[in-house]
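What follows is each chain in one-letter form.
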Amino acid sequence: MSELANYESFDIEVKDQIAHVQFSRPEALNTMNKAFWLELPRCVQDIEANTDARVIVISSTGKHFSAGMDLGVFSDPKSVPMSGDPGRMAENLRRVVLQLQDTLTSLERVRLPVLAAVHGGCIGGALDLVCAADSRYCTADAYFTIKETELGMTADVGTLQRLPKLMPEGVVRELAYTGRKFGAEEAHRLGFVNTVYESQEAMQEGVMAIAAQIAANSPLAVTGCKEMINFSRDHSVEDSLKYMATWQSGMFRPTDMMKSFQAKAQKQAPSYDDLFPVKDLFSN
């Protein structure tokens, strides 16, 4: 296992095949600054390439999970020019937004399940982020808000595209149009979060236990589940069934199933081989 890189925005610990990524800027309310947007996909890739992790847990520190986008991201004239030809400025801004979207989509693209553990405020861009996770959990004091509307802009990095797949559309429209906060109880009732915990400590213990259950399963079976669920969300049932059949014909092997049967017969926990690490093309 290679040593992980150091990140300005995150602390990472990999233990028992669980990668725990914690936002590490509580003094700044874990706002999503320029370093954050650059580091998140690198962090995910680093975990996938250089560790034996089979699941990623994202949590935070301080008062809030994250206060969302750091406005400094858009105040750098090198990244987002505010003068010049309007057409060229618009084309540049479109590319910047696409790049920001790709940062959060990295949580969907990674073959490992991503579990988000939220406390306090999950505001604006942070809501975009947790919408891209596989599952969400929160503390009783957590709240969520599509803050961008209140600030005079349309949320643009994933909430409006993903949240209607996770909650009733009429509710999402209300939340988007008003920008109001919705709390842990409402989020749980609507199915946005799986479980509400009384404290951060209880949440961390509970989410880590779920992550351990995931890590104990065949990583090939788990990554197949993620691939199929993501594909099915964006395609018809017929297309998804055909893709499932193609996946199974290529990826299914009896090895892991036999290990499961043998372990059950021997009343032991099965031990599965790791997937091959994801590396850059032609890297060592």
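Residues numbered from 1 in each chain as written. Predicted model: local features only at pLDDT ≥ 70, side-chain atom pairs only at ≥ 80, totals over all residues. Heavy atoms only, no water.

## A word on the sheet that holds strand 7 (residues 143-145)
Reading across the sheet, the three strands line up as 5-7-8 and stay open at both edges, with mixed pairing between neighbours. A strand with exactly one partner marks an edge of an open sheet, and here the two such strands are strand 5 (121-123) and strand 8 (181-183). Each strand axis lies, on average, 20° off the axis of its neighbour in the sheet, ignoring direction. Pairing between strand 7 and strand 8: three bridges, direction antiparallel. For Phe 144, the partnering residue across the bridge sits in strand 8 and is Phe 182. (Pairing = 2+ DSSP bridges. Helix = DSSP H or I, 4+ residues; strand = E, 2+ residues; numbered from the N terminus. Axes fitted to C-alpha atoms, helices over the stretch in contact; angles between N-to-C directions.)

## Looking at the side chain of Asp 128
Here Asp 128 lies in helix 3 (residues 125-131). No salt bridge is formed by the buried Asp 128; its nearest oppositely charged neighbour, Arg 162, is found at 6.4 Å. Within the local environment of Asp 128, its side chain forms a polar contact with the backbone nitrogen of Thr 159, the two atoms lying 2.6 Å apart. In contact with Asp 128, not counting residues within four places along its chain, are Leu 104, Glu 148, Val 157, Gly 158 and Thr 159. (Buried < 20%, exposed > 50% of the residue type's maximum accessible area, 1.4 Å probe, protein only. Lys, Arg positive; Asp, Glu negative; His and termini not counted. Salt bridge = Lys/Arg side-chain N within 4 Å of Asp/Glu carboxyl O. Polar contact = N/O pair within 3.5 Å; in protein donor to acceptor, adjacent residues only side chain to side chain. Contact = heavy atoms within 4.5 Å.)

## So, the pairing of strand 2 (residues 18-23)
Within strand 2, five of the six residues are buried, which leaves it mostly tucked inside the rest of the structure. One ladder, built from six bridges, connects strand 1 (residues 10-15) with strand 2; its direction is antiparallel. Paired with Ile 12 across the bridge in strand 2 is Val 21. Between strand 1 and strand 2, which pair antiparallel one after the other, the connecting turn spans two residues, and Asp 16 there sits at a positive phi close to 55°. Each parallel crossover has a hand, and the one from strand 2 via helix 1 (residues 34-50) to strand 3 (residues 55-59) is right-handed. (Right-handed = clockwise from strand over helix to strand, strands pointing away.)

## Let's talk about unusual backbone geometry
Although it is not a glycine, Gln 17 adopts a positive phi angle of roughly 65°. Turning to its location among the elements, Gln 17 is positioned in the loop between strand 1 and strand 2. Gln 17 gets classed as partly exposed once you look at its relative accessible area, which sits at 22%. Phi angles above zero are rare outside glycine, and Asn 30 is one such case at about 55°. When you line up the elements, Asn 30 lands in the loop between strand 2 and helix 1. According to the relative accessible area criterion, Asn 30 is buried, its value standing at 4%.

## Focus on the side chain of Ser 59
Structurally, the position occupied by Ser 59 is in strand 3. Given the relative accessible area of 5%, Ser 59 is considered buried. Polar side-chain contacts of Ser 59 include one of 2.6 Å to the side chain of His 20. Ser 59 has contacts with His 20, Val 21, Gln 22, Phe 23, Phe 65 and Ala 117, leaving out every residue within four places of it along the chain.

## Side note on the packing of aromatic side chains
Counted under the stated rule, the structure contains 10 aromatic pairs. When the centroid spacing of 6.3 Å and the interplanar angle of 65° are considered together, the rings of Tyr 7 and Phe 10 count as edge-to-face. One exposure class covers both Tyr 7 and Phe 10, and it is buried. Between Phe 10 and Phe 36, the ring centres sit 5.4 Å apart and the planes meet at 55°, which makes this aromatic pair tilted. Of this pair, Phe 10 sits in strand 1 while Phe 36 sits in helix 1, and the two are 26 residues apart along the sequence. Accessibility expressed as a relative area gives 2% for Phe 10, which makes it buried. Residue Phe 36 is classed as buried on the basis of its relative accessible area of 3%. Taken together, the ring pairs connect Tyr 7, Phe 10, Phe 23, Phe 36, Trp 37 and Phe 65 into an aromatic cluster. (Phe/Tyr/Trp six-rings, centres within 6.5 Å; stacked < 30°, edge-to-face > 60°.)

## Quick word on the domain arrangement of the chain
Assigned domains within the chain: domain 1 (10-216) and domain 2 (219-266). Relative placement of domain 1 and domain 2: their C-alpha centres are 27 Å apart. Across the contact, 12 residues belong to domain 1 and six residues belong to domain 2. Carbon and sulfur atoms supply 49% of the area buried between domain 1 and domain 2, which totals about 720 Å² over both sides. Summed over the three residues of domain 1 that lose the most area to domain 2, namely Glu 108, Arg 111 and Lys 165, the buried surface amounts to 55% of that side. (Domains from an automatic or database assignment. Buried area = accessible area lost by both parts, 1.4 Å probe.)

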